[in-house]
Amino acid sequence: GAGVSQSPSNKVTEKGKDVELRCDPISGHTALYWYRQSLGQGLEFLIYFQGNSAPDKSGLPSDRFSAERTGGSVSTLTIQRTQQEDSAVYLCASSPKIRDRNSPLHFGNGTRLTVT
Amino acid sequence: GESVGLHLPTLSVQEGDNSIINCAYSNSASDYFIWYKQESGKGPQFIIDIRSNMDKRQGQRVTVLLNKTVKHLSLQIAATQPGDSAVYFCAEIRGGSNYKLTFGKGTLLTVNP
């Protein structure tokens, strides 16, 4: 079956521009996550959705970052007034979260964002 | 700060040998652990998971061992193949925060033919 799909796969933007990154989770997965991975580093948690609500936005680096999810499916991560330090791979993951039981996160291949 | 970390940043093995990748965690409340494999240009791929009520779990050519006494996790890969070359991450979910996966920095495994 289809996995987590992210678009675009690569994005080059000028400093100060806004960007939107899209994530299509696996069908039926209620939990959706955004992570950021800088070069040679581990994954940094950004935000978590359960359905359309985001109970944890604690990882968003600044108020320039926002995310939404509609219809319990597609999510968009928006970065306003991009800065060079925003350059990274942005990874989306989904999970068939079952109450009181953890299940693995399934990741997309990410969007590589380069801010020039 | 992070509570999941790795002892070795790089590991080089010969094809056919067994590989062991280690991971330490500091939060005794962590109750679910996952190993991921990440190849260049791709997202992390799930390998195997283990819950804190288990000490060992086996998959195809992989085994995860959990030692709660010393808060240590390891991934064993049998008969390592060139296709196993990748960065391996351990990750944990802490009890009470049962959705946020916290990742270590990763170990680069290189398999020499």
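Shown above is the structure to which this text applies.
About the thresholds
- Residues numbered from 1 in each chain as written.
- Chains lettered and ligands numbered in written order.
- Predicted model: local features only at pLDDT ≥ 70, side-chain atom pairs only at ≥ 80, totals over all residues.
- Heavy atoms only, no water.
- Salt bridge = Lys/Arg side-chain N within 4 Å of Asp/Glu carboxyl O.
- Buried < 20%, exposed > 50% of the residue type's maximum accessible area, 1.4 Å probe, protein only.
- Helix = DSSP H or I, 4+ residues; strand = E, 2+ residues; numbered from the N terminus.
- Contact = heavy atoms within 4.5 Å.
- Disulfide = S-S within 2.5 Å.

A.B. asks: Would you take a moment to explain the pattern of salt bridges for this structure?
C.D. replies: Once their charged atoms are close, side chains differing in charge can pair, the charge on each being opposite to the other. Residues and elements named next belong to chain A. Under the defined criterion, the tally for this structure stands at eight salt bridges over all chains. Here Glu44 and Arg36 are joined by a salt bridge, their closest N and O atoms 3.2 Å apart. Judged by relative accessible area, which is 11%, Arg36 ranks as buried. Where Arg64 meets Asp86, a salt bridge forms, and the shortest distance between an N and an O atom there is 2.8 Å.

A.B. asks: Please explain the side chain of Thr63 of chain B as it appears in this structure.
C.D. replies: Structurally, the position occupied by Thr63 of chain B is in strand S7 (residues 62–67). Apart from the residues within four sequence positions on either side, Thr63 of chain B is in contact with Lys56, Arg57, Gln58, Ser74, Leu75 and Gln76 of chain B.

A.B. asks: When you look at the side chain of Asp86 of chain A in this model, what are you seeing that I'm missing?
C.D. replies: Residues and elements named next belong to chain A. Structurally, Asp86 can be placed in the loop between strand S8 (75–79) and strand S9 (88–95). For Asp86, a relative accessible area of 2% puts it in the buried group. If near-sequence neighbours (up to four positions away) are discounted, Asp86 is found in contact with Arg36, Arg64, Phe65, Ile79, Leu113 and Val115.

A.B. asks: Can you help me understand the state of the cysteines in this one?
C.D. replies: Disulfides are covalent bonds that connect the sulfur atoms of two cysteines. Residues and elements named next belong to chain B. Per the counting criterion, the structure on display carries two disulfides over all chains. Disulfide partner of Cys23: Cys90, at an S-S distance of 1.8 Å. On the S-S bond that ties Cys23 to Cys90, the torsion sits near 55°, and the link is right-handed. Taken together, the positions of Cys23 in strand S3 (residues 19–25) and Cys90 in strand S9 (residues 86–94) put the pair 67 residues apart, joining distant regions of the chain. Both residues of the pair, Cys23 and Cys90, count as buried.

A.B. asks: What is the right way to look at the environment of Ala31 of chain A in this model?
C.D. replies: Tracing the chain through its elements places Ala31 of chain A in strand S4 (residues 31–37). When the C-alpha atoms of Ala31 of chain A and Ser94 of chain A are compared, they prove to be 5.4 Å apart, with 63 residues separating the residues in sequence.

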